[in-house]
Amino acid sequence: MDAVSRFLTFGALVQGSGGHIAGWRHPEAYSTGQLDFGFHVDLAKLLERGRFAAFFVADVVAIWGHQLESLSRTGRAEFFEPLTLLSALSTVTRDIGLVGTATTTYNEPYHIARKFASLDHLSRGRAGWNVVTSVVPLEAANFGRAEHLEHSLRYRRAAEFVDVVRALWDSLPEVLRDKESGRYYDPDVLAPPHHDGEHFTVRGPLNISRPPQGHPVLFQAGSSATGQDFAARYGEVLFTDQPDLASAQRFYAGVKRKVADAGRDPDRVLVWPVLAPLVADTEAAARARVRELDELLHDDVARRLVQDNLGEVDLTGHDLDGPLPEVPEGNRSKSRRDLLVGLARRENLTIRQLAHRYTGGSIVAGTPEQVADRLETWFRERGADGFNVTFPYLPGPAVDFVEQVVPELRRRGLVRADYEGTTLRANLGLG
Amino acid sequence: MSRKLHLTAFLKPPGEYLAAWRHPEVDPGAGVDFESVLAFARTAEDAKFDAVFFADLVGVPLESQDVLSRVSVVNDSFEPTTLLAALAAGTSRIGLIATASTTYNEPYHLARTFASLDHLSAGRVGWNAVTSLNDGEALNFGRSAHVAHADRYARAEEFHDVVVGLWDSFADDAFRHDRDSGVYFDPDGLRSLRHKGEHFSVEGPLNIARPPQGRPVVVQAGASEAGRRFAARVAEVVFSGVRDLAAAREFYADIKARAAAFGRDPGSLKVLPALSVLTGETRTEAESKMDTLRTLMPPQVALAHLGYLLGGVDLTALPADGPLPDLPESNQSRTAQAEVYRRARARGATIRELAAEISADTGTVVGTPVEIADRMEEWFRTGAADGFTVIFPYLPGTLDDFTRLVVPELRRRGLFRTAYEGATLRDHLGLPRPERGTVP
């Protein structure tokens, strides 16, 4: 792709009333939005006005934390199940892609292949699957396991899982529906996988015809080395937490190289750093908004947030305004632990400051021009092909982004003025 | 208020009849065409049906390609829970029931999916709990053969109890969303399940507020001894394939007595026998529609269907002009197998004759609106049914005819509602909202 045909693309990472853990408390947040379908419909329509490529739903198959004193102060114990939410949205939206997270650790490939194929048919080609491996310990306990699969085994299972799902999507490649001859399909084209592997035995075929997109678009977020290898092999949109442009560029260059090494076209794989925009008329007003959110973060929540993202450490009794203690390596998400420990050490942060940096880590606060500048720089300097946008609270910051930042990006010729095609694949430029 | 019929519309787009997709008036791809399915659901909603109801298999049955390539529904249909979610957004009053197997699912996923659907639909969802019947499903989940009948029900009972326990994770008023105090939910309103049983170990809690209905309505269809026991303990809607009135009365009395023996109010369990219908302005018109439909059935499919009813037997290896020999007891549906034998023995029919007869006689009641209403009324008034699971041979034709002709006749007799009175599926069915923590 040359510079002329390259366009910024966006997904919206939707988490109920906001992506910031204390965002639901903001006076302008719609604090009961989490299980309000009408709220999600309005949001999806707003995002369509902003020509977002995807409505993206994260997921954990458990409550998101087990310490009730902190959990009960967050919206992380009630979510719509993603496939049902996206299917419901498919009928009241027209253009936006519908991307749901589903774990390969506690699912069966037949169910997942089928549900995403069904969503792709319901939406006429707008489905995407964010492929994850499970790392939250509470998920294991909901499926009869004492603990999670070890890191590399989890990814081996994930790779086999995706292979089976793709083979199932291809298993009834076309239908005849020939009333005259009485053949619904030509038996010669049927291709049941007859898969017999390390983790799964799946005969097939799938009981739904090939999805309109062929395959729903595969999203992937692994930032660890194993995760990047997996992403390079399978992912089509890779989203990632990157603290600054230099590190985003390293990730971008590294993962695109791995994509090429895997024999795939790097231009057909998009890198989307996570970005949380807070727009205001002046830079000072935007910064004040960030401080407002910091102040809404309760002590218990701040402590748990740091602890849960570090894994094997107990912060109970540690002064929030004191330094971070030693943190051993564990069987959790390594990339996130390394990122946070590195940040705390480098900048000599207290636990509370680390919590604020974490919750505000992807926040870009500024005027519409400043936010557009930031997006443009990352895009032109090859740190990003687009962004997975999380709004700290909803709906305000999403309205601001759509009404102020997107038009500015359009003036600069960085985004397309309209949806290019009818499928998610087409609107991402993945053909 | 006088007792009214409850009706669910059992939809298998493009129709229950295996050759329905070939019908000249049918969209053969309706199984994966949302606009079509939504139109069917809206027709049922306009007619004030209690619910639409979708069957399910998690695989394609093990049949020859020669047979499978001539049928539609098992090869090319929406997955029911995603379909239900889409229908929730496209309808406003009608109940939405989907089938999901207890054999190849995990209770946490299933509890969550149906709770999510109940929130999306503001309390209109039901779960038809089935134990999987088909070896074509087993092979998609790493099992070589199907789990034995009794084991399947033991797992189903435990599965159900875990699902209900998960739905009760949060108190109805646990979520406060109080931004001033910063309390999103009241921790005292949360209870983890901590289930450790023979088949499942599930910590909980569920990651969603208690469903608007408390619990989605539980539907069950088992007719065997184990199935009846399960239904009597937990089901709120029971449907059966019983076709004659005497057997239907026996089933009705038996299941209600069993429910009472479990300490339940028999009125909190609605028996809705399956009723396949084809009607027309006149009897001749209705019969002619049925004849048209029959001509569409390929003989290969008729023979395979007979084999399926017998428990997955390949009948092509047997002499078509010989009698049906004794076959091993089915590990699938024993009730269906017994019914085929009863008919074979009663008539001394050959396999070929039996296949033709069974494919032609779909169990569909063909008649005028008055005849069909008479039959429904008789079943309803004489202790055989609280309503019906209405099956439509092809769509939308037979659904349109039923709602246009039979429903008004039922209303004239005061047997069916003219408007929805409540908001939830429980309201439509006259079922109480379960208290949290009560074990059925």
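Predicted model only: the values in this text are computed from it and were never measured.

Attention now goes to the overall build of chain B. Along chain B, the regular secondary structure elements total 15 helices and 14 strands. Counting only C-alpha atoms and orienting by the principal axes, one finds that chain B spans roughly 75 × 50 × 40 Å. In chain B, the proportion of contacts linking residues at least 24 apart, taken out of those at least 6 apart, comes to 77%.

Time to look at the confidence of the model for chain B. The pLDDT averaged across chain B works out to 93; a share of 97% of its residues lies at or above 70. Prediction confidence for the complex, expressed as pTM and ipTM, is 0.94 and 0.94 respectively.

Let's shift gears to the interface of chain B and chain A. Chain B puts 61 residues into the contact, and the matching count from chain A is 61 residues. Only helix 3 (80-90), helix 4 (107-120), strand 5 (175-178), strand 6 (183-185) and strand 8 (201-202) of chain B provide two or more residues apiece to the side of chain B that touches chain A. Split by residue class, the side of chain B that touches chain A holds 32 nonpolar, 20 polar and nine charged.

Another point: the packing of helix 1 (residues 37-49) of chain A against helix 14 (residues 396-411) of chain A. Residue and element names in this part refer to chain A. Contact pair helix 1 / helix 14: the axes reach a minimum separation of 9 Å and the direction vectors enclose 20 degrees. With respect to each other, helix 1 and helix 14 are oriented roughly parallel. Like other packed secondary-structure pairs, helix 1 and helix 14 cross with a definite hand, here left-handed. Facing helix 1, whose interface residues are Leu43, Leu46 and Arg49, helix 14 presents Ala398, Val399 and Val402.

Residues and elements named next belong to chain A. Between the first and last C-alpha of helix 13 (residues 368-380) there are 18 Å, a value that for 13 residues agrees with the 18 Å anticipated at 1.5 Å per step. The set of residues buried in helix 13 consists of Pro368, Val371, Ala372, Leu375, Trp378 and Phe379. Down the axis of helix 13, the sector holding all buried residues measures 130 degrees, keeping them to one side. Contacts made by the buried residues of helix 13 are with helix 8 (245-261), strand 9 (270-279), strand 10 (363-366), strand 11 (386-389) and helix 14. Just past helix 13, the residue arginine 382 takes up positive phi, approximately 60 degrees.

A separate point is the sheet that holds strand 3 (residues 95-101) of chain B. Residue and element names in this part refer to chain B. Reading across from one edge, 11-10-9-4-3-2-1-14-12-13 is the order of the ten strands in this open sheet, with parallel pairing throughout. Whereas interior strands pair on both sides, the edge strands pair on one side only; in this sheet they are strand 11 (270-271) and strand 13 (365-367). Relative to strand 3, helix 3 is tilted by about 170 degrees, and along the sheet it contacts strand 2 (51-54), strand 3 and strand 4 (125-130).

Definitions and limits used
- Residues numbered from 1 in each chain as written.
- Chains lettered and ligands numbered in written order.
- Predicted model: local features only at pLDDT ≥ 70, side-chain atom pairs only at ≥ 80, totals over all residues.
- Helix = DSSP H or I, 4+ residues; strand = E, 2+ residues; numbered from the N terminus.
- Contact = placed C-beta atoms within 7 Å.
- pLDDT = per-residue confidence, 0-100.
- Nonpolar A, V, L, I, M, F, W, Y, C, P; charged D, E, K, R; others polar.
- Axes fitted to C-alpha atoms, helices over the stretch in contact; angles between N-to-C directions.
- Parallel < 35°, antiparallel > 145°, perpendicular 65-115°, else oblique.
- Left-handed = near helix turned anticlockwise from the far one by under 90°.
- Expected span 1.5 Å × (residues − 1).
- Buried ≥ 20, exposed ≤ 12 C-beta atoms within 10 Å, placed from the backbone.
- Arc of directions from axis to C-beta.
- Pairing = 2+ DSSP bridges.

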